[in-house]
Amino acid sequence: MFKKNHLAPLLALLPVLLLSGCDSNMVVFEPKGPVAREILGLINWSLVFMLLIVVVVFGLFGYIVWKYRARPDNKDYEPPEEHGSTKLEIIWTAIPILIVIALTIPTVNTIYKLEKVPEGYENKKPITINVTSADWKWIFSYPEQGIETVNYVNIPVGTPVKFKLTSAGTMQSFWVPALGGQKYTMNKMETQLYLVADHPGEYLGKNTNFNGKGYADMEFTVESKSQQAFDKWVKDVKKTAPKLTEKKYIDLLKPTHLGRLTFSNNHLAWVNHGDMNSKTYTFPELYRNHDYPGQIFKQPDNQKNKAGKTDDKSMDMNMKMDGHSNGGEHNGH
Amino acid sequence: MGIKWDRFFITGDPLILGSQIAILLTMIGIVVLVSYLKKWKWLWTEWLTTVDHKRIGIMYILVGVLMFFRGGIDGLLMKAQTATPDGQLLDAQHYNEVFTTHGVVMILFMAMPFLIGIMNVIVPLQIGARDVAFPQLNALSFWLTFSGAMLFNISFVIGGSPDAGWTAYFPLAGKEFSPGIGNNFYAVAIQIAGIGTLMTGINFIVTILKMRAKGMTLMKMPMFSWTSFVTSIIIAASFPILTVALALMTFDRIFGTHFFTLSGGGMDMMWVNLFWLWGHPEVYIVVLPAFGMFSEVISTFSRKTLFGYKSMVGSIVGIAILSMLVWVHHFFTMGAGPGVNSIFSITTMMIAIPTGVKMFNWLFTMRKGRIQFTTAMLWALAFVPCFLIGGITGVMLAMGAADYQYHNTLFLVAHFHYVLIPGVVFAVFAGLYYWWPKMFGHMLNEKLGKLHFWLFVIGFNMTFMPMFFLGLNGAVRRAYTYSAESGFGPLMLVSAIGAGILAIGFAFFCYNIYWSARYADRNISSDPWDARTLEWATASPVQFYNFAKIPEVTSLDAFWYMKKKNKGLKFSNDELEEIHMPSNSGLPFIMSIVFGISGFLLVFEWKIAALVAALGILICLAIRSFDYNDGYHVPVDEIKEIEYGWQNKEKGVEKHVN
């Protein structure tokens with residue numbers, strides 16, 4: 001009987017542990033840029049309310065369970081007939097409503113803020129980087145600088161970066177927790193994400209959306225450099241890095257693990273996977289596993305098909321869908 | 001058809017080879033045992049062809065226990081693999097298969113059968129009915145669930161497991177990235193089980209609306225029946241979405257259509273939307289009946305009526321409506337735009353309101369009560385703080401902008417385990433300890449039960465609490481390994497040890513079932529907990545016709561007031577009338593086998609063979625429509641004899657609560 005009473009205080013420790021996270025070195029609590037800091041502000045605001053709820057409910061729970069426990073000496077106690085209390089029920093409907101309102105306003109506010117260049121950086125001209133995820137690597141194209149990197153991305157410190165996200169195949173999620181929240185990358189779609197690093201340094205980025213065998217190793221590094229160092233790096237790349245050819249690029253998209261690569265041009269010259277009408281670059285035969293082989297179907301818009309052989313029907317469909325996407329947040333949605 | 005026999009069985013992995021041998025031995029063992037005990041006929045007439053809701057419920061629960069075991073092994077394998085950095089137990093492919101089957105098995109073949117099983121046993125008793133509205137359909141529901149579960153479970157030894165996650169997101173789950181047949185098992189097996197579940201939903205809606213005892217208005221219905229009712233409505237509303245989504249998936253994978261593919265104008269996000277349009281209500285399908293069970297248990301062991309019954313009913317209806325309006329919160333990060341994300345953040349957070357109301361109502365049910373710490377009640381008590389942690393982290397995740405940092409991390413994994421384990425598994429255990437005597441006529445051992453409880457609850461918290469912190473430190477879900485530099489090692493190890501403790505707890509539960517079946521006292525009261533609802537007004541185990549005379553209901557907690565006023569408990573023999581009961585039928589069992597065979601052939605993409613087998617389904621349906629068997633009548637003399645048997649046993653039996 002008495003054992004139960006130790007449970008409540010024991011469990012009450014858990015949220016305290018949860019909150020002690022605030023001053024530890026967990027990456028979400030150590031923002032290195034305004035976007036991550038904005039989100040952390042929201043998280044901390046919510047934690048205050050959560051702590052309040054936990055304290056009240058755990059306290060009430062512990063008190064009630066302890067006070068009204070069955071004991072040998074209250075054997076004849078007959079609990080009262082009690083069907084409810086309108087007053088109390090209104091109170092505990094109203095309080096959650098107030099808490100939800102208190103959480104909703106900053107949440108909506110932050111959701112809208114995150115779609116724009118972070119506050120304080122509006123006057124800085126953003127740099128655009130196209131991110132293309134493939135199995136199992138990250139490809140970064142710099143349309144303004146005309147270069148391309150794989151599995152690492154260099155950015156100038158203190159400059160807003162507009163990441164245009166897409167995928168050459170499976171759906172993935174682009175996340176640099178030290179700099180800000182994540183967003184999905186999808187083939188034939190484009191999503192956007194603004195990030196700023198306000199300290200020079202190296203930050204780990206990763207894919208969070210499961211995409212097969214090589215998923216766990218899909219990490220990349222973000223290196224934020226001073227503007228001068230960044231410009232010098234671009235110049236060096238232009239001068240020394242090899243050129244990417246279309247053939248080489250298709251090899252790159254095959255399901256492999258690669259280290260860091262650098263090229264002095266970029267693949268946007270021949271394909272932008274974010275474009276609704278771009279060709280499909282898939283290699284089903286390379287994904288064979290130990291399971292029983294199933295039939296692989298013809299893909300009407302695969303890059304391997306000879307020009308002009310594309311299925312007319314599917315082309316029509318693509319056009320139609322494109323028409324619908326006017327004014328959408330991103331293509332084709 | 002060009003069958004590749006060498007690829008039929010999965011080879012080359014010692015773990016899988018071991019399982020293949022174990023499965024073979026178990027099957028031989030079962031056949032030998034049943035033959036040795038000469039029980040084939042008994043098995044057929046008493047179980048395989050039964051339409052009795054109580055037996056069907058017990059079979060559901062048995063499937064739940066077995067699948068808990070299977071899903072649990074998957075979970076332990078995952079925990080063993082990630083206990084240390086760069087673990088070598090499983091390779092990436094094997095790990096992907098294991099977490100996929102863990103998710104599917106635990107949600108669809110563990111949680112659902114457990115809850116539907118308990119619903120089956122208890123709901124008709126609670127509302128004073130003799131069976132469900134469509135007994136034979138009920139048997140078909142069970143056998144289809146069983147068929148789907150078996151088809152899904154053989155995948156890892158024959159053909160290959162699905163490996164695209166329980167969410168099976170396209171394009172990964174499509175042929176472009178998963179050209180093997182593994183994911184066909186997902187599309188077909190869940191389809192078969194899902195049809196069964198949909199029929200259960202319809203069956204229970206009709207049962208609860210049409211078959212309540214005289215005087216039991218909807219607002220006098222026990223809370224568990226209420227939650228079962230609302231759950232059935234959510235099933236009927238959301239499972240058709242799953243049926244359609246899976247059918248489209250099957251077309252894409254087996255017939256080469258382009259609904260969700262990258263090529264040919266397919267839309268992979270459409271799958272994600274359809275999946276969660278079903279998937280989120282599914283969470284409430286499993287959680288609501290659990291809420292009902294906690295309500296019954298808390299009320300019984302506090303010896304008080306449920307506090308705020310009306311607001312409880314309002315809350316579950318509110319939760320049911322909101323459950324259909326929140327699905328986008330599973331993919332705030334898809335970039336649907338700030339307007340959409342804001343709206344779904346708000347609807348999601350609104351769920352906290354009715355849930356909070358329920359929480360306080362439970363607390364105030366206990367207030368001024370006399371709380372007895374039986375094992376069933378311990379589970380209900382542990383639910384309160386554990387589920388609260390699941391709930392508040394749920395609100396944190398509901399805040400769209402903050403979710404960008406939590407999404408797909410172990411923080412999310414910890415959250416939904418903190419919701420589903422206290423919300424479903426604790427409830428199932430509470431319900432089983434509570435209703436076991438009603439089902440089997442003996443109690444589960446309380447001492448073993450308490451060991452089970454403490455090990456399980458401590459193990460659970462140890463397993464999943466560290467995951468919150470791991471997630472906030474950037475650990476992503478579904479990764480088969482991580483580096484030592486990541487710093488995840490220590491907490492991952494704590495989590496793995498916790499999983500071991502949790503597993504030992506479950507082992508005690510299994511042992512408890514065995515021990516109690518063998519040694520527990522059979523001479524117990526039909527109302528051992530001094531309970532409040534109608535299921536306790538009849539024998540334990542319940543006689544096949546449930547009630548000799550259907551009791552009349554005048555208030556909530558009908559049985560409690562019958563006992564208090566000593567009214568309506570006894571009836572004289574001349575009040576008895578013949579009872580009309582449904583006949584057994586082998587058709588549901590046979591039909592499920594045909595479904596299974598047809599499904600198996602379809603999984604292997606042997607389309608013509610699958611079609612031929614599917615004709616068998618139509619033949620079964622035709623046979624059923626020409627079946628004029630109208631059931632049979634139980635003569636009054638037989639009823640008298642049975643009633644005399646249990647009503648006079650009760651003398652001198654001590655109450656099990658004090």
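Model, not experiment: these values are computed from the prediction.

Looking at the overall build of chain A
Per the secondary structure count, chain A includes 6 helices and 11 strands. Counting over 333 residues, chain A shows a buried share of 53%. With an accessible surface of roughly 15,100 Å², chain A has 59% of that area assigned to carbon and sulfur atoms.

Some details on the UniProt feature "domain: Cytochrome oxidase subunit I profile" (unreviewed entry) in chain B
Feature annotation in UniProt places "domain: Cytochrome oxidase subunit I profile" (unreviewed entry) on residues 36-554 of chain B, given in this structure's numbering. Helix makes up 68% of residues 36-554 of chain B and strand 0%. Its end C-alpha atoms lie 52 Å apart.

Digging into the sheet that holds strand E10 (residues 219-225) of chain A
All names here are of chain A. Spatial strand order, E4-E10-E9-E6-E7: 5 strands in an open sheet with mixed pairing. Of all the strands in the sheet, the pair left with one neighbour each is strand E4 (152-156) and strand E7 (183-185). On average, each strand axis in the sheet is tilted by 30° relative to the strand beside it, whichever way the strands run. Examined bridge by bridge, strand E6 (residues 172-175) and E7 share 3 bridges and lie antiparallel to one another. Bridge pairing in E7 places Phe174 opposite Lys183. Helix H4 (residues 227-240) rests against E4 and E10 of the sheet, and its axis sits at about 130° to E4.

Overview of the pattern of salt bridges
Residues and elements named next belong to chain B. Under the criterion given, the structure shown has 24 salt bridges over all chains. Between Lys563 and Asp527 there is a salt bridge; the shortest N-O distance is 2.7 Å. Linking Lys563 in helix H17 (residues 558-565) with Asp527 in the loop between helix H16 (489-519) and H17, this pair joins segments that are 36 residues apart in sequence. Under the relative-accessibility criterion, Asp527 is labelled buried at 5%.

Brief notes about the interface of chain A and chain B
Taken together, the contacts link 113 residues of chain A with 127 residues of chain B. It is A:Trp92, A:Phe210 and A:Tyr292 that lose the most area in chain A upon contact with chain B, and together they represent 9% of the buried surface on that side. Run the count over chain A and chain B and you get 3 salt bridges. Residues B:Lys304 and A:Glu82 are paired through a salt bridge, measuring 2.4 Å at the closest nitrogen-oxygen approach. For the pair chain A and chain B, the number of links is 36 residue pairs in polar contact (both at pLDDT 80 or more). Looking at the side of chain A that touches chain B, the element that brings in the most residues is helix H2 (residues 34-67) of chain A, giving 15 residues. The residue inventory of the side of chain A that touches chain B, partitioned by class, reads 59 nonpolar, 34 polar and 20 charged.

Side note on a nonpolar patch on the surface
Residue and element names in this part refer to chain B. On the surface, a nonpolar cluster with roughly 950 Å² of combined accessible area is contributed by Leu17, Ile21, Leu24, Leu25, Ile28, Val32, Leu33, Tyr36 and Leu37. Inspection of the secondary structure puts Leu24 in helix H1 (residues 14-36). Residue classification places Leu24 among the exposed positions, given a relative accessible area of 51%.

A look at the domain arrangement of chain B
Residue and element names in this part refer to chain B. Segmentation of chain B into domains returns domain 1 (1-38) and domain 2 (39-585 + 629-647). A separation of 29 Å is found between the C-alpha centroids of domain 1 and domain 2. At the interface, 14 residues of domain 1 touch 10 residues of domain 2. With both chains or domains summed, domain 1 and domain 2 bury close to 1,100 Å², and 73% of this area falls on carbon and sulfur atoms. Put simply, domain 1 and domain 2 have 0 salt bridges between them. Counting every contact that joins domain 1 to domain 2 gives 7 residue pairs in polar contact (both at pLDDT 80 or more). Class assignment of the residues belonging to the side of domain 1 that touches domain 2 gives a composition of 9 nonpolar, 3 polar and 2 charged.

Some points on the nonpolar core
A:Phe163, A:Phe174, B:Trp271, B:Met366, B:Phe426, B:Phe456 and B:Phe604 are the most contacted members of the largest nonpolar core, which totals 301 residues. Beyond its immediate chain neighbours, meaning those up to four positions away, A:Phe163 contacts A:Ile129, A:Val131, A:Val153, A:Ile155, A:Phe174, A:Thr191, A:Gln192, A:Leu193 and A:Leu195. In this structure, A:Val150, A:Ala168, A:Leu252 and A:Leu253 belong to the second largest nonpolar core, which totals 13 residues.

Digging into the UniProt feature "domain: Cytochrome oxidase subunit II copper A binding" (unreviewed entry) in chain A
The UniProt record annotates "domain: Cytochrome oxidase subunit II copper A binding" (unreviewed entry) at residues 124-236 of chain A. With 9% helix and 50% strand, the stretch residues 124-236 of chain A has end C-alpha atoms that lie 24 Å from each other.

Digging into unusual backbone geometry
Residues and elements named next belong to chain B. With an omega of 0°, the peptide bond running from Phe170 to Pro171 counts as cis. Structurally, the position occupied by Pro171 is in the loop between helix H5 (135-154) and helix H6 (182-210). The phi torsion at Ala168 lies on the positive side, around 45°, for a residue other than glycine. Overall, the relative accessible area of 0% leaves Ala168 in the buried class.

Overview of helix H14 (residues 410-440) of chain B
Residue and element names in this part refer to chain B. Tyr434 marks the point of greatest bend in H14, at about 45°, and the proline Pro437 comes within the next four residues. The element H14 is largely enclosed, with a buried count of 29 among its 31 residues. Directly after H14, the chain includes Gly441, whose backbone phi takes a positive value near 80°.

Digging into the sheet that holds strand E5 (residues 161-167) of chain A
Adjacent strands of a sheet form backbone hydrogen bonds with each other and so pair up, either parallel or antiparallel. Residue and element names in this part refer to chain A. The strand order across the open sheet built from 6 strands is E8-E5-E1-E2-E3-E11, with neighbouring strands paired in mixed fashion. One side of each edge strand has no neighbouring strand; the edge strands of this open sheet are strand E8 (191-195) and strand E11 (261-263). With direction set aside, neighbouring strand axes in the sheet form an average angle of 20°. Pairing between E5 and E8: 5 bridges, direction antiparallel. Directly across from Val161, in E8, lies its bridge partner Leu195. Across the face of the sheet, helix H5 (residues 246-253) comes into contact with strand E1 (127-134), strand E2 (137-142), strand E3 (147-150) and E11 while running at roughly 145° to E2.

Observations concerning the packing of aromatic side chains
This model, assessed by the stated rule, comprises 86 aromatic pairs over all chains. Taking 5.7 Å as the distance between ring centres and 75° as the angle between the ring planes, the aromatic pair formed by B:Trp379 and B:Phe456 counts as edge-to-face. Of this pair, B:Trp379 sits in helix H12 (residues 375-398) while B:Phe456 is found in helix H15 (residues 446-472), placing the two residues 77 residues apart along the sequence. Of the two residues, B:Trp379 and B:Phe456, both sit in the buried class. Sitting above the plane of the A:Trp66 ring, A:Arg69 keeps its charged end 3.8 Å from the centroid. Looking at B:Arg70, its charged tip hangs above the ring of B:Phe156, at a distance of 4.7 Å from the centre.

Examining the side chain of B:Ser315
Residue and element names in this part refer to chain B. Take Ser315: it is sitting in helix H9 (residues 309-323). Overall, the relative accessible area of 5% leaves Ser315 in the buried class. Within polar-contact distance, the side chain of Ser315 engages the backbone oxygen of Ser311 at 2.6 Å. Among residues more than four places away in sequence, those in contact with Ser315 are Pro354, Val357 and Lys358.

As for H12(B)
Along its 24 residues, H12(B) runs 34 Å from first to last C-alpha, staying within 8% of the 34 Å computed at 1.5 Å per residue. Most pronounced at B:Val384, the bend in H12(B) amounts to some 30°, and the proline B:Pro385 follows within four residues.

Remarks on the confidence of the model for chain A
Caution is warranted with low-pLDDT regions, since their predicted coordinates should not be read in detail. Residue and element names in this part refer to chain A. Within chain A, residue pLDDT values average 87, and 84% of them lie at 70 or more. Taken together, the stretch residues 1-5 has pLDDT below 50 and engages in 12 contacts with residues farther than four places along the chain or on a different chain. Segment residues 308-333: pLDDT under 50, and 42 contacts once partners within four positions in sequence are set aside and those in other chains are kept.

What counts, and at which threshold
Residues numbered from 1 in each chain as written. Chains lettered and ligands numbered in written order. Predicted model: local features only at pLDDT ≥ 70, side-chain atom pairs only at ≥ 80, totals over all residues. Heavy atoms only, no water. Helix = DSSP H or I, 4+ residues; strand = E, 2+ residues; numbered from the N terminus. Buried < 20%, exposed > 50% of the residue type's maximum accessible area, 1.4 Å probe, protein only. Areas by Shrake-Rupley, 256 points an atom, 1.4 Å probe, with all protein chains shown as cover. UniProt positions renumbered as here; feature names shortened; annotations may be inferred. Pairing = 2+ DSSP bridges. Axes fitted to C-alpha atoms, helices over the stretch in contact; angles between N-to-C directions. Contact = heavy atoms within 4.5 Å. Salt bridge = Lys/Arg side-chain N within 4 Å of Asp/Glu carboxyl O. Buried area = accessible area lost by both parts, 1.4 Å probe. Polar contact = N/O pair within 3.5 Å; in protein donor to acceptor, adjacent residues only side chain to side chain. Nonpolar A, V, L, I, M, F, W, Y, C, P; charged D, E, K, R; others polar. Patch = residues over 30% accessible without salt bridge, like charges linked within 9 Å, V, L, I, M, F, W, Y side chains within 5 Å. Domains from an automatic or database assignment. Core = buried A, V, L, I, M, F, W, Y, C linked by side-chain atoms within 4.5 Å. Bend = angle between axes of the 7 residues up to and from the residue. Phe/Tyr/Trp six-rings, centres within 6.5 Å; stacked < 30°, edge-to-face > 60°. Lys NZ or Arg CZ within 6 Å of the ring centre and 35° of its normal. Expected span 1.5 Å × (residues − 1). pLDDT = per-residue confidence, 0-100.

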